[in-house]
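What follows is each chain in one-letter form.
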Amino acid sequence: MVNRKEYLKDYEMRNKEKIAKRKKRYYELNKGRLLQQKKEYRRLNPEKIKQSWKEYYQDNKEVILSYHKEYKQTNKDRIKERGKEYALKIRKRDDFFEPKNKIKQVHSTSKNIGLNNGMWKGDNVGYIALHSWIKARKPKPLNCGHCNVRTNLLDLANISQEYKREVIDWEYLCRRCHMNKDGRINKLLVGLNKQ
Ligand SMILES: [Zn+2]
């Protein structure tokens, strides 16, 4: 009697190419369905997949790490190029979208409230970046947004004092109106700090 398992194993050993060809053909014929199944499986079992990757990594750590090392050494130029592309992508993205966490950070710490507000002083990098971001998107009018005087000296001023990265939260004011407004805010903040 021939052991079925052994027979199959033997068959596989002797017909590797044939089996590979058959598998490939099957895949080609059912590509759409198989990919869909794979996608669905990934969607339904993210934890399972994560776990199996973890196990795979633990079992093959040395091989994987040495592969990475080799890849890094033999593809230095490619990696450099990719890094550049990525940096460019990030820069482009930041130019168009609000980097939410950066702004949030400025607002959420208590030392940024009132007169100590670095944003208000206009001396921190976040403020300068925000200022030029708004400037690039809000066209400068001919007249002051408050008193309507016509002047070339218009300052970009924040309306809500929350320094939102929103064009609508900013206005162009003449020097006098800007100073008046800042003076009012200054008094208000001093008052608040005394309380
Ligand atoms: Zn004015």
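Residues numbered from 1 in each chain as written. Predicted model: local features only at pLDDT ≥ 70, side-chain atom pairs only at ≥ 80, totals over all residues.

Here we come to the overall build of the chain. Looking only at helices and strands, one finds 10 helices and 2 strands in the chain. Tracing the chain from N to C terminus, the helices and strands come up as α-α-α-α-α-α-α-α-α-β-β-α. Here the chain holds 195 residues, and 6% of them are scored as buried. In the chain, of all internal contacts separated by at least 6 residues, the share reaching a separation of at least 24 is 44%. (Helix = DSSP H or I, 4+ residues; strand = E, 2+ residues; numbered from the N terminus. Buried ≥ 20, exposed ≤ 12 C-beta atoms within 10 Å, placed from the backbone. Contact = placed C-beta atoms within 7 Å.)

Here we come to unusual backbone geometry. Positive phi is not limited to glycine here, since N148 has a value of about 70°. Mapping N148 onto the fold places it in the loop between α9 (125–137) and β1 (154–158). Positioned with a positive phi, Y163 is a non-glycine residue whose angle comes to about 50°. Accessibility expressed as a C-beta count within 10 Å gives 22 for Y163, which makes it buried.

This part takes up the pairing of strand β2 (residues 170–174). Regular strands show a simple pattern: their side chains alternate between the two faces of the sheet. In terms of burial, β2 is a largely internal element, 4 of the 5 residues being buried. Both β1 and β2 contribute to a ladder of 5 bridges, which runs antiparallel. Residue pairing across strands places L156 opposite Y172, the latter belonging to β2. (Pairing = 2+ DSSP bridges.)

Moving on, we come to the environment of D182. Tracing the chain through its elements places D182 in helix α10 (residues 175–194). Given 14 C-beta atoms within a 10 Å radius, D182 is considered partly exposed. It is 9.2 Å that separates the C-alpha atoms of D182 and A157, two residues lying 25 residues apart in sequence.

In this structure, C144, L154, Y172, L173, C174 and C177 together form the largest nonpolar core, which totals 6 residues. Looking at this core element by element, the count peaks at 3 residues for β2. Not counting the four nearest positions on each side in its chain, Y172 is found in contact with K140, P141, C144, G145, L154, D155 and L156. (Core = buried A, V, L, I, M, F, W, Y, C linked by C-beta atoms within 7 Å.)

This brings us to helix α5 (residues 61–74). For α5, with 14 residues, the first-to-last C-alpha span of 20 Å sits near the 20 Å given by 1.5 Å per residue. Taking burial as the measure, the 14 residues of α5 include 0 buried ones, a minor fraction of the element. (Expected span 1.5 Å × (residues − 1).)

This paragraph deals with the confidence of the model for the chain. Across the chain, the average pLDDT comes to 81, with 77% of residues at 70 or higher. When mean pLDDT is taken per element in the chain, β2 scores highest with 94 and helix α7 (residues 100–108) scores lowest with 44. Contacts for the low-pLDDT stretch residues 100–118, under 50 throughout, to residues beyond four places or in other chains number 20 contacts. (pLDDT = per-residue confidence, 0-100.)

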